[in-house]
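Each chain, letter by letter, is given below.
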Amino acid sequence: MTARESDAAERPGAAPEESGGLFGFRFWEFFRYQKPMVRVLTATLPAMGGAVYFFGWRALGVVLVSIAFAVLTEWSFCRKRGEPVSTAVFVSAVLYALTLPPRVPYMVVIVGIVVGIAFGKEVFGGFARNVFNPALVGRCFVFICFPVEMTVQWLAPYSGLPGGFARWARGADALTRATPLRDFQAGESVAALGDLLTGSVAGSLGETSAVLLVIGGLYLLYTKTADWRIVVSCLVGAVLMSTALHYSGVTAVPGPMFTLLSGGFLLGSFFMATDPISAAQTGTGRWIYGFLIGALVVIIRGFAGWPEGTMFAILLMNTFNPIMDHYVREVQQMRKARAGVG
Amino acid sequence: MNATPALVILIAAIVTNNILLANFLGMCSFLACSRQIDTALGLGAAVIFVLTCTTVINHVIYHMVLVPWQMEYLQFIVFIAVIAAFVQFVEMFVERFTPVLYYALGIFLPLITVNCAILGASLFMIIRDYTLAQSAGFGLGAGLGWALAIALMAGIRQKMGYSDVPRPFQGVAIAMVVTGVMAMAFMGFAGMVDIQ
């Protein structure tokens, strides 16, 4: 056994060694095997399939470009530390790609994922040490820097069979359509709830189909990869907030069903808010965290200048998490001390 | 005359127009004193108090003294003098009545004098033509916003004790990166209330 091999064998969670490999490239020496992250990747498959069906094979192209540059960025930092590239970087890259509009230029994809991985993750020391969700840091950066590419050019989805499976992408002269949230904000008639369920509406690559996202999300919950408390509290927060505001006569806020199914809310609450590292670390903190994400999504969509608020809501709560955890722990300690005295 | 209600200005100054995360004022003490949550909260409380009071005092002085005598060009020097005098007063007051807090804050208390957020708030108040009530709301809101930002930053920095930051990014560099991402997140509130 050489020194490198014994190192790989001792590393916790290292996958069984494959001897040889292509051109001497040993996959699990270059990448760190992380079972939960592989499960998240599996769970994104339905949404990815949906993206290809609705918007053509270019969607897969966007995902692959994003993965390639994510791995490259992480590797350039990991090399210095002597660590393998984490599997989590694939999750960040895929989730980031799924939040992009179908006609996003590859340049924008690359800028966002490099910023997200480098400044959202690697400057903190890599996997498990980041404060913010790297995918959302990247998306927020390009969202603010490239507003035209990120918010204007939406496409009507393909329909019927074979849908987008037989096409690359709609051309530049293709019919564009506003997203349901934009329609709502502009006061126009919005898509039917049935279309929001199946996903045949305009929107970002992976966010349109509620059914496919819920299938992936349930798999995450079933395998206990995602914390059910976060998902449930996100949904409850959004439902309560939108019900309260909508039925008390605030016209800027849609009803609870539309709130849940439209935009990136399901993608955000099942896949992004549940990121175990940037989420709150205490149990009570997770309930508050999820609930506030749901509430903030409704508030930002209704009252801020943006049509969609899921990304901002999760990033904001990432910011609030550390201090929230600090006080949750402090209260718990106080209670414990009091119980000990009594 | 600005017609926005004082309460709206207060809320806007906390979230949408956060003096630190939207205007990037008061960065120096924000970066220097955000290593621990307790210190950060103490400094935040002091800034809230000083900001609210000096904004109101400066408003009165500007409209009662400088404008009638047509000496608006002296506003910078007068505002700075007022802030310095007020911080001195606060320092003596705190030392006399709560020595514990005085020693906990240490050098940070006199340093509030040179916190640009304080002078910035007074100048914004003049530019935006606020009334006395609006100025009080704006001063309080700006102070609360600043305190919120430094508390969040202190929490993040405490959590980052577990991080393994690469050497070129240690210290102020990583703090600036975190501040940048926080500012991006706070852009989510943009357009909610307009206080210009």
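Since this is a predicted model, take the numbers as computed values, not measurements.

J.: Please provide a residue-by-residue account of the interface of chain A and chain B, values included.
T.: Contacts between the two partners involve 32 residues from chain A, matched on the other side by 30 residues from chain B. In total, about 2,600 Å² of surface goes out of reach between chain A and chain B, with carbon and sulfur atoms giving 77% of it. Scanning the region where chain A abuts chain B turns up zero salt bridges. At the boundary of chain A and chain B, one finds five residue pairs in polar contact (both at pLDDT 80 or more). Tallying contributions element by element places helix 16 (residues 310–341) of chain A first for the side of chain A that touches chain B, with nine residues. When its residues are assigned to classes, the side of chain A that touches chain B shows 23 nonpolar, six polar and three charged.

J.: Could you give an account of the side chain of serine 204 of chain A, with specific residues and numbers?
T.: All names here are of chain A. For serine 204, the location among the structural elements is in the loop between helix 10 (193–198) and helix 11 (210–222). Looking at serine 204, its side chain comes within polar contact range of the main-chain oxygen of threonine 99, at 3.1 Å. Excluding anything up to four places from it in sequence, serine 204 contacts Phe55, Leu98, Thr99, Leu100, Pro101, Pro102, Arg139 and Trp154.

J.: Outline helix 15 (residues 283–303) of chain A, supporting the account with residue identities and numerical values.
T.: In this model, helix 15 of chain A (21 residues) spans 30 Å end to end at C-alpha, consistent with the 30 Å of a helix rising 1.5 Å per residue. N-capping of helix 15 of chain A is provided by threonine 282 of chain A, with a side-chain oxygen placed 3.2 Å from the backbone N of glycine 285 of chain A.

J.: Go over the nonpolar core, please, and point to the residues and values.
T.: Phe132 and Tyr289 of chain A are the most contacted members of the largest nonpolar core, which has 156 residues in total. Setting aside chain neighbours within four positions, we find phenylalanine 132 of chain A in contact with Gly120, Phe124, Val137, Ser278, Leu315, Asn318 and Thr319 of chain A together with Ile156, Val178, Val181 and Met182 of chain B.

J.: Could you give an account of unusual backbone geometry, naming the residues involved and the relevant values?
T.: Residue alanine 128 of chain A is not a glycine yet carries a positive backbone phi of 75°. Residue placement: alanine 128 of chain A occurs in the loop between helix 6 (106–120) and helix 7 (134–145). Its identity as a non-glycine residue notwithstanding, aspartate 129 of chain B has a phi of 60°, on the positive side.

Cut-offs applied
- Residues numbered from 1 in each chain as written.
- Chains lettered and ligands numbered in written order.
- Predicted model: local features only at pLDDT ≥ 70, side-chain atom pairs only at ≥ 80, totals over all residues.
- Heavy atoms only, no water.
- Contact = heavy atoms within 4.5 Å.
- Buried area = accessible area lost by both parts, 1.4 Å probe.
- Salt bridge = Lys/Arg side-chain N within 4 Å of Asp/Glu carboxyl O.
- Polar contact = N/O pair within 3.5 Å; in protein donor to acceptor, adjacent residues only side chain to side chain.
- Helix = DSSP H or I, 4+ residues; strand = E, 2+ residues; numbered from the N terminus.
- Nonpolar A, V, L, I, M, F, W, Y, C, P; charged D, E, K, R; others polar.
- Expected span 1.5 Å × (residues − 1).
- Core = buried A, V, L, I, M, F, W, Y, C linked by side-chain atoms within 4.5 Å.
- Buried < 20%, exposed > 50% of the residue type's maximum accessible area, 1.4 Å probe, protein only.

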